[in-house]
Amino acid sequence: MDHTKDTTARTNPSQKQILTRTMSTEDKKKLTAEDLVDLSIPNNVRLSPSGKQVIYTVAPASKKDKHEVSAIWIADVGKKFSARQLTSGLFNDTQPQWSPDGQTIAFISDRGEAGDTSALYLLSVYGGEAYPITPAKNKNGIARFLWSPNGKCIAFTSADELSEERKRKEEDRDDVVVYGEHWDFNRLRLVQVVTREVSVLFKGDAHVNDISWNADSSEIAFITQALPGLNASADGASFVTVSLLTGKSSPVCDFPGVAGELLWHKKDLFFVGGARPSKSNTSRTVYKIRLGGEELTWTRYAYGEENDVIRFRVAGDTVYVQIMSGLIDQIHKLSTQKTIYDNQHTLESWDIMLRDDGGDEDVLLVFTRSTIGEPSQVYSYTEGSPCPLSQHNRALADPELSPQAFYAEAEDGTKLDGIFTVPSPHNSSSHDRSKPWPTFVNVHGGPYSRAVDAFGSSAYNWAPWLLSAGYAVLSPNYRGGMGHGDGFASAAAGGMGALDYDDVVTLVKAGIERGVVDAQRVVIGGWSQGGFLAYLASTRASRFPFRAAVCGAGVTDWDLMSLTSDIPSFEAELAGKAPWEKGACDTQDRRGSPIWHLADGEEQRRIPVLILHGKEDVRVPVTQALAFHRGCLRWGVPVEMAIYPREGHHIKERLHRLDVLKRLRRFVDLHLG
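Keep in mind that this is a model prediction, so the values were computed, not measured.

**Digging into unusual backbone geometry**
Cis geometry is found at the peptide bond from G446 to P447, where omega equals 10°. Here P447 lies in the loop between β32 (437-443) and α5 (462-467).

This is how it looks when you write it as structure tokens:
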């Protein structure tokens, strides 16, 4: 059986040249850490109503100053390298959307005071300055917005501004936080485009998450949850409609778990929710609510058994949906589940439109897409032919990289996959390419995520960084992740460190058996859930002899996660139960908690550990790292720990990102070089 496959097999040779623009040997530039932290990341593509132009955002990969920034760009569909910058990039201009007539672009920005304000701005496509249509000095962020189909108003969600009393108390430092005393609910608001008048459409004691207009702009459907915050989303969602004519809100129905990607299409509400509705660790599927019937309730519509749903788009009278299927991304026509687009690359953002001369399967696509060898670019796509509209970070492309789809089978017969990539010849001239490679096992986070052929598929671009240093990179997909349906996504919940860890080791051993991975030279690393599995590997050297482990923002004690994380419900589901739900003698969670296995490893070979963590991380609090570091010191485990001030779960500041990359490289060179 051939266990590897060229990931460019779904494109013909001419398309591959377009997707990875060939450079001569003289043009090749040695990748630097500065290149990676200064990447320009395109995202949020939106087609104009005419289909002739696309707008999108470009943001730097790291934060150079105190505030994040993002610029809006525009490109001509079908015109190679036509992208040009629209806004200055001095502010955080995000979520651009075309007006229905294509004359105006709306976006969210902090232009009132950089980093501290949030307002909706409008920009004419004919030129001139952008201007705010909501108060420019408002402090609370606008979460999302949506033009009405008739273009007269925009619905948006944001929390109420602080009252004068609360402002005074903060200034006086009389700011005791009492749980439940003040909830910053996102309200559903409406702004009239011409008059700039803002009104509140829903003031209930609930947090508005998502919105969608009906076709004639007379009603808005929205999703609420009981309290603000990601953790509360797991407790269920309520669907509501509101009439703009009467202002009356009408409940539709409730859903017992996380719900999002709301779409009002004709007489139906579509949304994405868990295949097991009351669970968080499950695949994503499409649900439908038929409006106007006697009984308003949700029903499962499609997907989630062998794949996962991401998001919807509407073109003409047709709904399209993005699907993750194994290592492949697809776009389907929802009503027939027929594939419109299919490729082994991640569609990071996309939009779609029907072509004038075709039916609902003859479409124009725009998307952002990358490969391990090329950072993200913007493309238009018609009749099977991609056209690159942008050339961001073009000098960093390495067309000689040829990532391979990698397959193996777990002991219980579960099919596993991943991506295996060897360095380009110009980055590995001293290595005999017929021999096994020193390999970095790059474990994705989540766990509900996946490793794919993408430049940013790994934490902070670790894969291209280490490939440029001459190391092979194996990116495994383990149970708990996405792209393989609910059986795969839900398998690891309640038993962290069992199937997930075994799947990683199975893929590594498959690489060794096939002669591509050097069994004596393997380092494991990852961020978040990947960091957890790296921690676990450091305590299980007798099960597989990794040379070292890089543990970024990882879990070391699952009980402590339920006690201290900002999403305790989600973490407790992964672990099995929260501490307050089980008896004092129930220590099952310790089986998958690396901190509890440091002492067990006294007689086994200890491997060096590099710990990386943000000091202000609320998802995986820094106490997880501090605890493991103390254990390493107690047992004489070679350990290095770097804590990044001001950083949360994801490292954003430029100098901190540089440190992560350089520290990683030194550590891997020491143990693999």
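**Here's the deal with helix α8 (residues 529-538)**
Burial within α8 is extensive, with ten of its ten residues counted as buried. Taken as a whole, α8 has its buried residues at Q529, G530, G531, F532, L533, A534, Y535, L536, A537 and S538.

**Some details on the packing of aromatic side chains**
Going through the model one piece at a time under the given rule, you end up with 23 aromatic pairs. Taking 5.9 Å as the distance between ring centres and 40° as the angle between the ring planes, the aromatic pair formed by F406 and F420 counts as tilted. Taken as a pair, F406 in strand β30 (residues 404-409) and F420 in strand β31 (residues 415-421) lie far apart in primary sequence, 14 residues in all. Across the pair, F420 and F406 agree in class, each one buried.

**Things to note about the nonpolar core**
Core analysis: the biggest nonpolar cluster contains 50 residues, and V441, I524, F546 and W558 have the highest contact counts within it. Ranked by size, the runner-up nonpolar core spans 40 residues in total, among them I372, W465, Y471 and V550.

**Things to note about the pattern of salt bridges**
Scanning the model with the defined rule gives 32 salt bridges in all. Its salt-bridge partner being E113, residue K139 comes within 3.4 Å of it at the nearest N-O pair. Here the residue K139 occupies a position in the loop between β9 (131-132) and β10 (142-147), and E113 occupies one in the loop between β7 (104-109) and β8 (119-124), the gap between them amounting to 26 residues. The exposure class assigned to K139 is partly exposed, which follows from its relative accessible area of 47%. Taking the relative accessible area as the measure of exposure, E113 reaches 36% and is therefore partly exposed. Across the pair R663 and E640 runs a salt bridge whose closest N-O atoms are separated by 2.7 Å. With R663 in helix α12 (residues 654-672) and E640 in strand β37 (residues 639-644), the pair connects residues that are 23 residues apart, well separated along the chain.

**Points about the packing of helix α7 (residues 499-513) against α8**
The axes of two packed helices give the description: the angle between them and the distance between them. Look at α7 against α8: their axes get within 11 Å of each other, and the N-to-C directions meet at 80°. The angle between the axes of α7 and α8 places the two elements in the roughly perpendicular class. On α8, the residues touching D500, Y501 and V504 of α7 are Q529, F532, L533, L536 and A537. Among the residues forming the contact of α7 with α8, the class breakdown is six nonpolar, one polar and one charged.

**Some words on α7**
With 15 residues, α7 should reach 21 Å at 1.5 Å per residue; the first-to-last C-alpha distance of 21 Å fits that figure. What α7 keeps buried is the set D500, Y501, D503, V504, V505, L507, V508, A510 and G511. The first or second residue beyond α7 is G515, which carries a positive phi of 80°.

**Quick look at the side chain of T224**
Along the chain, the position of T224 falls in strand β15 (residues 219-225). Aside from chain neighbours lying at most four places away, what touches T224 is F202, A206, H207, V208, G236, A237 and S238.

**Thoughts on the sheet that holds strand β29 (residues 385-388)**
Sheet architecture is open: four strands sit in the order β26-β27-β28-β29, paired in antiparallel fashion. If you trace the sheet from one side to the other, it starts and ends with β26 (349-354) and β29, each paired once. Along the sheet, successive strands turn relative to each other by an average axial angle of 30°, direction set aside. Relative to strand β28 (residues 374-382), strand β27 (residues 363-371) is paired through six bridges, and the arrangement is antiparallel. Within β28, the residue paired with T371 across the bridge is E374.

**Quick notes on the sheet that holds strand β16 (residues 237-243)**
Reading across the sheet, the four strands line up as β14-β15-β16-β17 and stay open at both edges, with antiparallel pairing between neighbours. In this open sheet, the two strands that pair with only one neighbour each are β14 (207-213) and β17 (249-255). Averaged over all neighbouring strand pairs, the angle between strand axes comes to 25°, with direction disregarded.

**What about the confidence of the model for the protein?**
Of all residues in the protein, 95% attain a pLDDT of 70 or more, and the chain-wide mean is 92. Of the regions scoring below 50 in pLDDT, residues 1-26 engages in 59 contacts with residues more than four places distant in sequence or in other chains.

What counts, and where the lines are drawn
Residues numbered from 1 in each chain as written. Predicted model: local features only at pLDDT ≥ 70, side-chain atom pairs only at ≥ 80, totals over all residues. Heavy atoms only, no water. Helix = DSSP H or I, 4+ residues; strand = E, 2+ residues; numbered from the N terminus. Buried < 20%, exposed > 50% of the residue type's maximum accessible area, 1.4 Å probe, protein only. Phe/Tyr/Trp six-rings, centres within 6.5 Å; stacked < 30°, edge-to-face > 60°. Core = buried A, V, L, I, M, F, W, Y, C linked by side-chain atoms within 4.5 Å. Salt bridge = Lys/Arg side-chain N within 4 Å of Asp/Glu carboxyl O. Axes fitted to C-alpha atoms, helices over the stretch in contact; angles between N-to-C directions. Parallel < 35°, antiparallel > 145°, perpendicular 65-115°, else oblique. Contact = heavy atoms within 4.5 Å. Nonpolar A, V, L, I, M, F, W, Y, C, P; charged D, E, K, R; others polar. Expected span 1.5 Å × (residues − 1). Pairing = 2+ DSSP bridges. pLDDT = per-residue confidence, 0-100.

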